[in-house]
Each structure stands twice: as C-alpha cells, then as structure tokens.
Amino acid sequence: MSRHRAVRNLDLDDVLDDEYDDDYNENALDETELSNEDLEALDEGLSYVYSIVGDNCPLTDVEIKEALWYYYFDKEETINWAISTITERKAKEEKLKAKAAKAEAAVASKASKVNQQKEASQKKTVKPIKPQVTTHKDDEDVEYLSDDPNDQLSQDMVALGLGDINASAKRVAQSKIKEAGSNISTPNGTPVDSRASSPLVKIHPSKRIDVLEEYAKRSGEKPKLNLVVIGHVDAGKSTLMGHFLYALGQVNERTMKKYERDSHKLGKGSFAFAWVLDETGEERERGITMDIAMNSFETEHRKFTLLDAPGHRDFIPNMISGTAQADVAILVVDATTGGFESGFDANGQTKEHALLARSLGVQQMIIAVNKLDVMAWSKARFDEIVAKLGSFLVQAGFRKSNLTYVPVSGLTGNNLIERSKDAELLSWYKGPCLLECVDTFKPAVRLLDKPFRMGVTDFFKGGIGSGGGVSVAGPIDSGSLQIGEQVMVVPGGEMGIIKAMQVNDEPANWGAAGDSVLMTLSGLDIMNLSTGCVLCSPLHPVPVTSSFVAQIIVFDIKVPITSGFPVILHHQSLNEPASITKLLSTIDKSTGEVLKRNPRHISKGTTATVKVQLANRAVPLEMFKDNKQLGRIMLRKGGETVAAGVVIEILTYGS
Ligand SMILES: Nc1nc2c(ncn2[C@@H]2O[C@H](COP(=O)(O)OP(=O)(O)OP(=O)(O)O)[C@@H](O)[C@H]2O)c(=O)[nH]1
C-alpha cells in the first residue's frame with residue numbers, strides 16, 4: 001500500500017507524475033491493513049479537518065483520509081490540500097454553471113431565429129436547391145463531409161469553440177477556419193497554425209473506425225508496455241536481455257549458434273547474447289551498445305516492446321530518446337567488486353540513468369542485480385547493493401513499492417525465465433525470477449483523450465511494403481489515428497495522409513497512445529521531416545516555441561546555474577542548443593511555495609522555475625498540464641545532465 005493523492009501545486013510529485021496510481025485502487029488507502037495507532041491518527045485527523053473546513057465541506061471522508069494518509073497524518077498539509085481542492089472544485093462548478101447558462105441562452109436565441117425563419121418561409125415559396133455532386137478518382141483522398149454526429153470533424157469544431165454543426169454547416173465552418181487562420185485558438189489558448197486550416201481528408205463513415213470502441217476491445221487482450229533497459233556501461237544489459245529473449249524462444253537456435261561462432265572469431269565470445277540486440281557492425285566490434293535497439297516479447301499477462309539503451313555516457317542522448325518512450329524500466333547493475341561502485345559513483349551512469357528515467361515519467365522499475373555468478377551468489381553483496389541503491393532510488397522519487405530487486409546472471413541465464421535451481425542462490429533467495437517480475441508490471445494509463453501526437457524517431461523514403469510515399473516511425477504519445485486521416489508535421493506545418501500502417505510490427509488500420517507505429521504518408525516531402533519533429537492532429541497542432549518557462553530539479557552539478565547558462569535541451573528525440581536566460585524563483589518542492597524570487601544562482605538539489613531560450617530554432621513542445629509526455633524536458637551540459645523538468649508556460653509561438 002502506498003501513500004498518494006492528487007497534489008495541489010506543481011512540485012516534485014507533479015514532475016514525477018502519478019499517472020499509474022490514479023487507476024490503481026490496489027495502491028489506495030486500505031483501512032483494514034492499518035494498525036490501531038494509524039486508525040486513531042486517521043480519525044483524529046478527520047475530526048481536525050472538519051473542525052477547520054466545516055461539516056458541510058464537499059469532500060468525502062474517504063478523500064480526507066486518503067489525503068491524511070498521503071501526507072503522513074500531517075494535518076496542516078491535509079488542510080492546505082483540502083482548502084485548495086474545495087476552491088478548485090468551486091471554481092469548476094462556477095465554470096460549468098456559466099457554460100450551462102451560455103448554452104441555454106444560445107438555444108433560446110436559436111429557437112427564436114428558427115421561429116422567425118418559419119414565419120418568413122410561410123410568407124414566400126422557396127425554389128428547391130439542386131444538390132451539387134462532385135466526383136473524385138481516389139475515394140480515400142476525398143474531402144468527405146459526413147452527417148455522422150460522431151464525426152471527428154464535428155468534435156474538432158466543438159473543441160475549436162465553433163460549436164457542433166450539421167453537415168451543410170461544416171462547409172461554412174471550414175471556410176471560417178481558413179479565413180481565420182492563426183487567429184483561431186484552441187481551448188487552452190494555444191494559437192492554431194493557419195496551415196491547420198487546410199481541409200481535412202475525411203473517411204467515409206462506413207470505413208471510419210471507432211478507435212475508442214476498438215481500444216476498449218483490447219482491454220480483453222494483454223496490456224502493452226514499453227520497457228527500457230538502462231544502466232552503466234558494461235553492466236550487462238544487452239547480454240541479459242539477449243539471453244532472456246533467447247530463453248523465451250525469440251531467437252532461434254541456428255541464429256544463436258551463428259552469433260556464438262562469429263563473436264568468437266572477433267575475440268568477443270562473451271558478447272554472443274549481446275549480439276541479439278547489438279546489431280550493427282560497429283557495436284559488435286566495439287562491444288558496446290550505441291543506439292536504442294528494439295525488440296518485442298510476450299509474457300503470460302503482458303506484451304512488451306523492449307528498448308535496450310546504451311550505457312556509455314557518450315550516448316546518453318540516445319538513452320534519453322529511448323527512455324522518453326518507456327512506461328517501465330529494468331535497471332541493470334553490475335554486482336562484481338568495483339563494478340557496482342564504478343557505476344554508482346558520481347561519474348557513473350547507474351544514478352544518472354535512474355534519475356533520467358524517473359524524470360521522464362518512469363515509475364516502476366526492476367533492478368536486475370547482475371553478474372552475481374562472479375560473486376558466488378553472495379547474499380551479503382546483494383543486500384549491500386539493495387541498501388545503497390534503494391535509498392538513492394527513493395530519494396530520486398521512486399516509491400519503494402514500485403521497485404523490485406532480482407538477483408540474476410545474464411551470462412549463465414540463472415533466474416531469468418525460471419526460478420533458480422542454483423543451490424547457492426536458493427539458500428537465501430526464494431523470490432521471483434526476472435520473467436515473473438516483468439509479468440507483474442502494472443499496465444500504463446494512456447493519454448487517449450488528448451489530441452494525437454507522435455514524436456518521430458525514424459523516417460525513410462518509400463512505403464510499407466513496396467508502395468510510394470514516405471514512412472515515419474515513432475511512439476504515439478497521445479490520442480489515436482487511423483488510415484485515411486491527415487496528420488501535420490510540426491515544425492513546418494506540412495500535411496500528409498496516412499496510407500498504410502503497422503502497429504508493433506503488425507499491419508493495422510488504427511493506432512492509439514502507447515503503440516509504436518510505422519506509417520506511410522502520401523503528399524509529404526521527406527525534406528520536411530526530421531528526427532524529433534512531431535506528427536499531430538491538424539486541428540490541434542503542437543505549439544512550436546523558442547522560449548518557455550520550466551520548473552526544473554537541479555541534478556548533482558559542480559558549478560551552480562546562473563542566468564545565461566548554456567545547455568543542450570533534450571525533448572523526446574530532439575536535442576537543441578539553448579540557454580537558461582532567467583532564474584525566476586526557487587521553490588519549496590514539498591509545498592510548492594516560492595522561496596526566493598530572482599535568485600542569483602541555483603545549485604544542486606534545488607527546485608526552481610527558469611526561463612529557457614532556444615539558440616537556433618523553435619521546437620515543438622507542450623505544457624506539462626496539457627500533455628505529460630510532451631511537457632517534459634532535460635537540460636544537459638558538457639556531457640552531464642544538469643536538470644530535469646516540465647514546461648509550465650510557453651512564451652513565444654513560432655512555426
Ligand atoms: N560473468 C558475467 N558476465 C556478464 C554477465 N552479464 C554480462 N556479462 C559480460 O559483461 C560484458 C558487457 O556486457 P554487455 O551486455 O555488452 O553490457 P551492456 O550493459 O549492454 O553494455 P553497453 O550497452 O555498452 O553499456 C560482456 O563481456 C558480458 O559477457 C553476467 O551475468 N555474468
């Protein structure tokens with residue numbers, strides 16, 4: 001059972017969001033598991049809260065108790081939470097009331113107009129208008145305007161504040177969008193690029209897929225998770241996962257024999273399993289992973305896309321781009337004498353990878369304590385690593401209950417897909433093997449209700465199979481899409497129409513948040529694509545900005561940050577030169593209160609709001625409150641991660 005609750009201010013808990021737990025009642029407060037002392041504290045806290053906020057407060061006992069539990073029975077914290085929650089709810093209610101009143105007024109005025117028209121039509125006879133019919137060669141390229149009330153265009157129009165409209169009015173509305181161009185704003189005030197006004201390619205209702213319905217059908221299937229494998233260089237990540245995939249039957253005997261033979265010839269026999277994932281000649285010759293390697297596997301209850309990240313510090317940008325796509329992680333640590341220590345010290349990547357993963361939204365992690373075969377399966381060594389790493393990971397923002405430690409050997413295969421039969425290990429470890437741990441990761445909550453966004457991780461000329469067009473790969477961060485729909489490339493605003501798709505390597509007609517997609521687009525020039533650009537819904541484009549305010553957590557840096565501090569901004573697969581141009585405030589990370597305005601410098605461990613200015617060009621990113629996936633940033637300098645954070649305000653809009 002863990003303590004959690006919606007948090008008022010944007011603090012560390014927001015930055016390191018609680019997206020899984022919202023859907024997980026198993027983590028909620030369960031009073032049957034509490035001690036008498038805790039129950040007493042809960043009751044006392046409840047009475048205290050009511051004595052302050054009054055008996056008529058709109059919060060339920062359960063909510064207040066959960067807040068008390070979350071704040072470790074801290075009454076003042078709970079009162080603060082209660083007051084801000086009540087205020088928020090009241091504001092929401094007022095907003096809804098105002099909206100309802102507006103809608104009522106609109107209905108009344110519409111009714112009076114209809115009456116006036118009726119009266120007028122009774123006075124004169126109207127000549128029937130012959131409908132205009134346009135024929136098109138390619139049905140899929142037709143700008144189709146349907147009467148279907150569930151039609152996406154209707155929904156998009158509503159979202160644009162143009163109200164719901166019937167089929168004939170849609171043409172008018174479309175031309176309105178065209179005329180209005182960049183004057184139109186999305187509900188959150190983000191200007192819509194005028195190029196978004198190009199007519200949408202619509203799909204005939206008979207061909208349109210109800211993605212939400214299809215997605216709901218998936219709930220009977222195994223949940224899909226993106227799993228990243230991280231850790232210090234040579235910790236054994238590729239060997240561990242290569243052996244794991246082989247043991248699961250993902251690599252056939254002949255291929256494995258070939259890897260063994262060929263790696264021996266190169267004098268790198270111990271890397272045979274790593275070759276399952278390290279596929280390029282350079283990676284195999286050097287014996288290091290350089291780029292993210294992707295694979296997939298299934299367990300009894302889950303389907304995984306595996307992302308094997310490079311451990312070497314030179315390739316951290318690739319590690320960040322892979323981890324930005326991940327829901328869960330395996331952190332591999334080398335248990336050998338000196339091996340763990342070199343990964344765990346200030347220059348090692350064990351700590352840096354763990355911090356980056358947490359800052360990029362990973363909440364659940366398995367820690368594979370690897371190479372224990374070299375340490376004769378020593379319990380003392382395992383315990384020592386768990387103790388040292390455990391306290392660091394909790395400080396880094398991981399919940400203890402979301403961390404699982406498992407002793408393994410990637411080389412011998414011990415405790416990977418079957419519980420160990422090794423007497424030395426069995427004498428003290430009776431827990432699950434790696435496969436069992438992986439199978440119990442909680443499913444991720446997907447941003448299905450948000451507009452479509454997909455960060456481009458790869459692209460090439462030519463279509464899936466043999467057709468023409470341009471193919472684009474990446475993970476869907478939010479929303480959904482289907483064949484026949486139009487997508488916009490940001491920055492640039494170019495449009496493309498989806499002609500073919502693969503989801504997780506299988507042919508598909510639609511994809512949704514959490515899916516890894518490869519799609520072929522027509523009508524798009526490959527010159528307009530780059531790794532790190534974002535595909536989005538043309539009616540809800542991603543903001544493009546060269547300046548924004550971020551709330552950051554400063555990592556373990558030697559020199560404090562001052563204004564003008566140059567950095568490399570990492571956002572999904574993008575990395576761009578930028579600088580921290582203004583230090584706005586330092587913040588108390590537990591209360592969210594401003595500690596100091598306009599500080600002269602910020603040092604390690606500080607939470608602060610800063611203004612970031614891109615050096616060369618505007619980039620697509622979103623505010624964290626609008627899209628958690630696209631609202632996270634990393635700041636690095638001289639090969640070190642300086643800070644991680646979230647975008648809280650976009651200052652300029654570019655294209
Ligand atoms: N004895 C022993 N050696 C291992 C084990 N796992 C990996 N190794 C060895 O450690 C070396 C590095 O393994 P890799 O799998 O390439 O390590 P990595 O973490 O993927 O390396 P990078 O991706 O380059 O960071 C290889 O020589 C492996 O054979 C293990 O469990 N026991």
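As the structure is a computational prediction, the values presented were derived from the model and not from experiment.

Conventions adopted
Residues numbered from 1 in each chain as written. Predicted model: local features only at pLDDT ≥ 70, side-chain atom pairs only at ≥ 80, totals over all residues. Helix = DSSP H or I, 4+ residues; strand = E, 2+ residues; numbered from the N terminus. Buried ≥ 20, exposed ≤ 12 C-beta atoms within 10 Å, placed from the backbone. Contact = placed C-beta atoms within 7 Å. Expected span 1.5 Å × (residues − 1). Pairing = 2+ DSSP bridges. Axes fitted to C-alpha atoms, helices over the stretch in contact; angles between N-to-C directions. Near = placed C-beta within 6 Å. Nonpolar A, V, L, I, M, F, W, Y, C, P; charged D, E, K, R; others polar. Parallel < 35°, antiparallel > 145°, perpendicular 65-115°, else oblique. Left-handed = near helix turned anticlockwise from the far one by under 90°. Core = buried A, V, L, I, M, F, W, Y, C linked by C-beta atoms within 7 Å. pLDDT = per-residue confidence, 0-100.

Novice: Got a minute to help me understand the overall build of the protein chain in this structure?
Specialist: Summing up its helical and strand segments, the protein chain has 16 helices and 25 strands in all. Within the protein chain, buried positions represent 41% of all 655 residues. If you take every contact in the protein chain between residues at least 6 apart in sequence, the share linking residues at least 24 apart comes to 72%.

Novice: I would appreciate a short explanation of helix α9 (residues 253-265) in the present structure.
Specialist: Three or four residues apart is the spacing at which side chains of an α-helix point the same way, because the helix has 3.6 residues per turn. If you check α9, its first and last C-alpha atoms are 18 Å apart, about what 13 residues at 1.5 Å a residue would give, namely 18 Å. Immediately beyond the C-terminal end of α9, within one or two residues, lies G267, with a positive phi of roughly 75 degrees.

Novice: Hey, could you run me through the environment of D515 in this one?
Specialist: Relative to the elements of secondary structure, D515 occurs in the loop between β14 (510-512) and β15 (516-522). Of the residues examined, D515 has 23 C-beta atoms within 10 Å and is grouped as buried. Once the C-alpha coordinates of D515 and Q502 are considered, the two residues, 13 residues apart in sequence, prove to be 9.7 Å apart. Apart from residues no more than four positions distant in its own chain, D515 is found in contact with I476, V503 and N504.

Novice: Explain the sheet that holds strand β1 (residues 224-230) to me, please; I cannot follow it from the model alone.
Specialist: Either a parallel or an antiparallel arrangement is found when strands of a sheet pair, and the pairing is made through backbone hydrogen bonds. Taking strand neighbours across the sheet as the criterion, the six strands line up as β2-β3-β1-β4-β5-β6 in an open arrangement whose pairing is mixed. Unpaired on one side and paired on the other, β2 (293-298) and β6 (403-407) mark the two borders of the sheet. Within this sheet the neighbouring strands show an average axis-to-axis angle of 25 degrees, counted without direction. Relative to strand β5 (residues 364-370), strand β4 (residues 328-334) runs parallel, the two sharing seven bridges. Paired with I330 across the bridge in β5 is I366.

Novice: Teacher, can you tell me more about the site of the ligand here?
Specialist: As a structural note, the neighbourhood of the ligand is formed by 25 residues, with G236, T239, S270, T289 and G311 the closest of them. For the shell around the ligand, the element with the highest residue contribution is helix α8 (residues 237-247), accounting for four residues. Residues of the shell around the ligand, tallied by class, amount to nine nonpolar, 12 polar and four charged.

Novice: Where do I start with the pairing of strand β20 (residues 574-587) in this structure?
Specialist: Side-chain positions along a regular strand alternate between the two faces of the sheet. Relative to β20, strand β19 (residues 565-571) is paired through seven bridges, and the arrangement is antiparallel. Within the sheet, the bridge partner assigned to I568 lies in β20 and is P577. The hairpin turn running from β19 into β20, its antiparallel successor, is two residues long, and Q572 in that turn takes a positive phi close to 50 degrees. Examined bridge by bridge, β20 and strand β21 (residues 594-597) share three bridges and lie antiparallel to one another. By the bridge assignment for β21, I587 is matched with V594. The antiparallel pairing of β20 with β21 creates a hairpin that spans six residues between the two strands, and G592 there sits at a positive phi of about 80 degrees.

Novice: Can you help me understand the environment of L584 in this one?
Specialist: Along the chain, the position of L584 falls in strand β20. Taking the C-beta count within 10 Å as the criterion, L584 has 18 such neighbours and is therefore assigned partly exposed. In this structure the C-alpha to C-alpha distance between L584 and A608, which are 24 residues apart in sequence, comes to 7.4 Å.

Novice: Sorry, what's going on with unusual backbone geometry here?
Specialist: Going from V490 to P491, the amide bond is cis rather than trans, its omega being 5 degrees. Tracing the backbone shows P491 in the loop between β11 (486-490) and β12 (494-503). For Q572, which is not glycine, the phi torsion reads 50 degrees and is therefore positive. Not every positive phi belongs to a glycine, and N598 is a case in point at roughly 45 degrees. Relative to the helices and strands, N598 resides in the loop between β21 and β22 (607-614).

Novice: Looking at this structure, how should I read the packing of helix α2 (residues 36-53) against helix α3 (residues 61-70)?
Specialist: For any two helices packed against each other, the geometry comes down to the angle between their axes and how far apart the axes lie. Following both chains from N to C, one finds α2 and α3 inclined at 115 degrees, their axes separated by 10 Å at the closest point. For the element pair α2 / α3, the angle class is roughly perpendicular. Both α2 and α3 take part in a crossing whose hand is right-handed. Of α3, the residues touching α2 (which contributes L42, G45, L46 and V49) are D61, I64, K65 and L68. Here the residues of the contact of α2 with α3 are counted per class, giving five nonpolar, one polar and two charged.

Novice: What should I look at first to understand the nonpolar core in this one?
Specialist: Note on soluble globular proteins: their nonpolar side chains tend to be buried together. Of all hydrophobic cores here, the largest spans 133 residues; its most connected members are L227, A329, V333, A368 and V369. Non-local contacts of V369, meaning those with residues more than four positions away in its chain, are made with V333, A335, F382, I385, Y405, V406, P407 and V408.

Novice: I'm lost on the confidence of the model for the protein chain in this one. Help?
Specialist: Segments scoring low in pLDDT should not have their predicted coordinates read at a detailed level. Here the protein chain averages 79 in pLDDT, while 79% of its residues score no lower than 70. Within the model, pLDDT remains below 50 along residues 1-27, and this stretch shows 53 contacts once partners closer than five positions in the same chain are excluded. In this model, residues 121-199 is a region of pLDDT below 50 whose contacts with residues beyond four sequence positions or in other chains number 79 contacts. Complex prediction metrics read pTM 0.66 and ipTM 0.98.

Novice: For this particular structure, what's the right way to read the environment of S409?
Specialist: Secondary-structure assignment places S409 in the loop between β6 and α15 (423-426). For S409, a count of 26 C-beta atoms within 10 Å corresponds to the buried category. Between the C-alpha atom of S409 and that of D373, which follows or precedes it by 36 residues, the distance is 6.1 Å. Apart from residues lying up to four places away in sequence, S409 is in contact with N370, K371, L372, D373 and N414.

Novice: Honestly, the pairing of β11 in this entry has me stumped. Any pointers?
Specialist: For β11, a buried count of five out of five residues is recorded, marking the element as mostly surrounded by other parts of the structure. Burial along β11 is two-sided: the residues Q486, M488 and V490 and V487 and V489 are all buried. Where β11 lies against β12, four bridges are found, and the strand directions are antiparallel. Along β12, the bridge assignment pairs Q486 with I497. The hairpin turn running from β11 into β12, its antiparallel successor, is three residues long, and G492 in that turn takes a positive phi close to 115 degrees.

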